Amino acid sequence: MTEKTSGLAAASGGPAASVDVPTASGPAAASALPAAGGGPTARPIRDGVGLGLAVGTSGLAFGAAAVGSGLSVAQACVLSLIAFTGASQFALAGSIATGGSLIGGVAGAVLLGSRNALYGLRMTGVLAPRGARRLLIAHGVIDETTAVTLAQPDAASARLAFRATFATLYLTWNLSTLLGAYGAGRLGSPQSLGLDVVGPAAFLALIWPQLRAGRTERAVGLLGAAIALTATPFLPPGVPVILAATAALAGALVTPARPAEPPPPEPGPAAAGLP
Amino acid sequence: MTGTWVAVLVTAAGCYALKLTGLTVPRSVLDNPRVRRFAELVPVALLAALTAVQTFGAGQSLSLDLARLAGLGAAVLALLLRAPFLVVIVVAAGAAAALRALGVA
């Protein structure tokens, strides 16, 4: 990722990427350490590297779970390298463990990955991917990178945060997958270390600024959570989360974005679409 | 084993293709205010759903893991106190780990 730093400067020069950064959440961005020291580039990098390290270590859990499910070490590693989207990987390993049909397992895992397409729709305005670089950027569009990227106050920070998160998480996730696959069972269980809470806590922390930003965001978040929980007993793992996108659809129908193209420079409650 | 390899590779390719699709949608689609608002709200809805499912879900059933719930509660408290991101994560994992170590939950 480092060789792309020059690209960042070029990209941040263009006002193009303006569809973009959640004006409503603005700089209040919680994750988001009230910049105690460090220049404007420090925070996106700190956010991204911090989350990458914290969440990446849960690759230990995936590696261990995959081998426990009957995948080989190489298969576990290939999934982390090429699929690189944790929930889908866990879903496939889980379905192989239960001995279900492989086709069903693959379908569930891929369906689960479809939320990354929705994230991409949101991220394309911020990251403004072009040409061959799009192929690389695409690989990094997942839950964590989306959350950190969109929590940044401006487009340049957002792109920096994306790179920091993607690079750190990719390295950590793949290394820890390898370790977990080899060391399955020798480390303390992920649960005893509280690692099962890292995901939920990280996601909540990352959408916190948006939840604080407006009534619509809070309603959409609550509705999404409720939909997913309600559907969990009835649908295959992964599908309930996708279904939660209907909450965003409802929110968008009730409060469309203002038609004005460039977002106002200052974050205002108007952006939240308060009635 | 071969079947498993096919499953692994098809899953990996499918996941990548979906990521690429999202970035390939023409920007003009986002000119529509409702589409743009939808794209803005999608991460909120999905990440909130993931938070809920990873907290209360156990495969295809719901369960109440007190340690996990306490960990998330600790995270909320830390967020309300405006703690930095990493502190939120460490507090959450630490609270769950501590409760389990003590055998409380």
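The coordinates are above.
Notes on the structure follow. Because the structure is predicted, anything quoted here is derived from the model rather than measured.

Now for the overall build of chain B. Secondary structure assignment for chain B yields 4 helices and 2 strands. When the helices and strands of chain B are listed from N to C terminus, the series reads α-α-β-β-α-α. Looking at the 105 residues of chain B, the share that counts as buried comes to 52%.

Let us now look at the overall build of chain A. In terms of regular secondary structure, chain A is built from 13 helices and 0 strands. Counting from the amino terminus, helix and strand elements in chain A follow one another as α-α-α-α-α-α-α-α-α-α-α-α-α. Across the 275 residues in chain A, those meeting the buried criterion constitute 59%. Put simply, of all contacts in chain A between residues at least 6 apart along the chain, 76% involve residues at least 24 apart.

What follows concerns the nonpolar core. Counting residues in each nonpolar core, the largest one holds 116 residues, and the members touching the most others are Ala201(A), Ala45(B), Ala49(B), Ala75(B) and Ala92(B). Here this core gets 14 residues from one element, more than from any other, and that element is helix H2 (residues 33-56) of chain B. Setting aside residues no more than four positions away along its own chain, Ala201(A) makes contact with Gly71(B), Leu72(B), Ala75(B), Val88(B), Ile89(B) and Ala92(B).

So, about helix H1 (residues 2-24) of chain B. Here H1(B) is 23 residues long and its end C-alpha atoms lie 33 Å apart, about the 33 Å a rise of 1.5 Å per residue gives. Among the residues of H1(B), Ala7(B), Val8(B), Thr11(B), Ala12(B), Cys15(B), Leu18(B), Lys19(B), Gly22(B) and Leu23(B) are the ones counted as buried. Contacts from the buried residues of H1(B) go to helix H4 (73-83), helix H5 (86-97), helix H6 (102-127) and helix H7 (133-139) of chain A.

Contact residues are listed per partner, giving 64 residues for chain B and 93 residues for chain A. Sort the elements by how many residues they give to the side of chain B that touches chain A and H2(B) lands first, with 23 residues. Residue composition of the side of chain B that touches chain A, grouped by class: 41 nonpolar, 15 polar and 8 charged.

Moving on: the packing of helix H2 (residues 42-56) of chain A against helix H10 (residues 198-213) of chain A. Residue and element names in this part refer to chain A. Where H2 meets H10, the axes come as close as 10 Å, and the angle between the chain directions of the two elements is 155 degrees. Looking at the two axes, H2 sits roughly antiparallel to H10. For the pair H2 and H10, the sense of crossing is left-handed. Of H10, the residues touching H2 (which contributes Leu-51, Ala-54 and Val-55) are Val-198, Gly-199 and Ala-202.

Residue and element names in this part refer to chain B. Structurally, Val-35 is set in helix H2. C-beta crowding within 10 Å serves as the criterion here: with 17 such atoms nearby, Val-35 is assigned to the partly exposed category. The contacts of Val-35, once residues within four sequence positions are left out, are Val-29 and Leu-30.

The next point concerns the packing of helix H8 (residues 143-150) of chain A against H2(B). In the contact formed by H8(A) and H2(B), the axes pass within 11 Å of each other and the chain directions differ by 130 degrees. By the angle between their directions, the pair H8(A) and H2(B) is classed as oblique. The handedness of the crossing between H8(A) and H2(B) comes out as left-handed. In this structure, H8(A) uses Asp143(A), Thr146(A), Ala147(A) and Leu150(A) to contact H2(B), whose residues at the interface are Pro43(B), Leu47(B) and Leu50(B). Looking at side-chain class alone, the contact of H8(A) with H2(B) contains 5 nonpolar, 1 polar and 1 charged residues.

Unlike most non-glycine residues, Ala128(A) shows phi in positive territory, near 45 degrees. Looking at where Ala128(A) falls in the secondary structure, it is placed in the loop between H6 and H7. In this structure, Arg82(B) is a non-glycine residue whose phi angle is positive, near 60 degrees. With respect to the helices, strands and loops of the structure, Arg82(B) is situated in the loop between helix H3 (66-80) and helix H4 (85-101).

About the criteria used
Residues numbered from 1 in each chain as written. Chains lettered and ligands numbered in written order. Predicted model: local features only at pLDDT ≥ 70, side-chain atom pairs only at ≥ 80, totals over all residues. Helix = DSSP H or I, 4+ residues; strand = E, 2+ residues; numbered from the N terminus. Buried ≥ 20, exposed ≤ 12 C-beta atoms within 10 Å, placed from the backbone. Contact = placed C-beta atoms within 7 Å. Core = buried A, V, L, I, M, F, W, Y, C linked by C-beta atoms within 7 Å. Expected span 1.5 Å × (residues − 1). Nonpolar A, V, L, I, M, F, W, Y, C, P; charged D, E, K, R; others polar. Axes fitted to C-alpha atoms, helices over the stretch in contact; angles between N-to-C directions. Parallel < 35°, antiparallel > 145°, perpendicular 65-115°, else oblique. Left-handed = near helix turned anticlockwise from the far one by under 90°.

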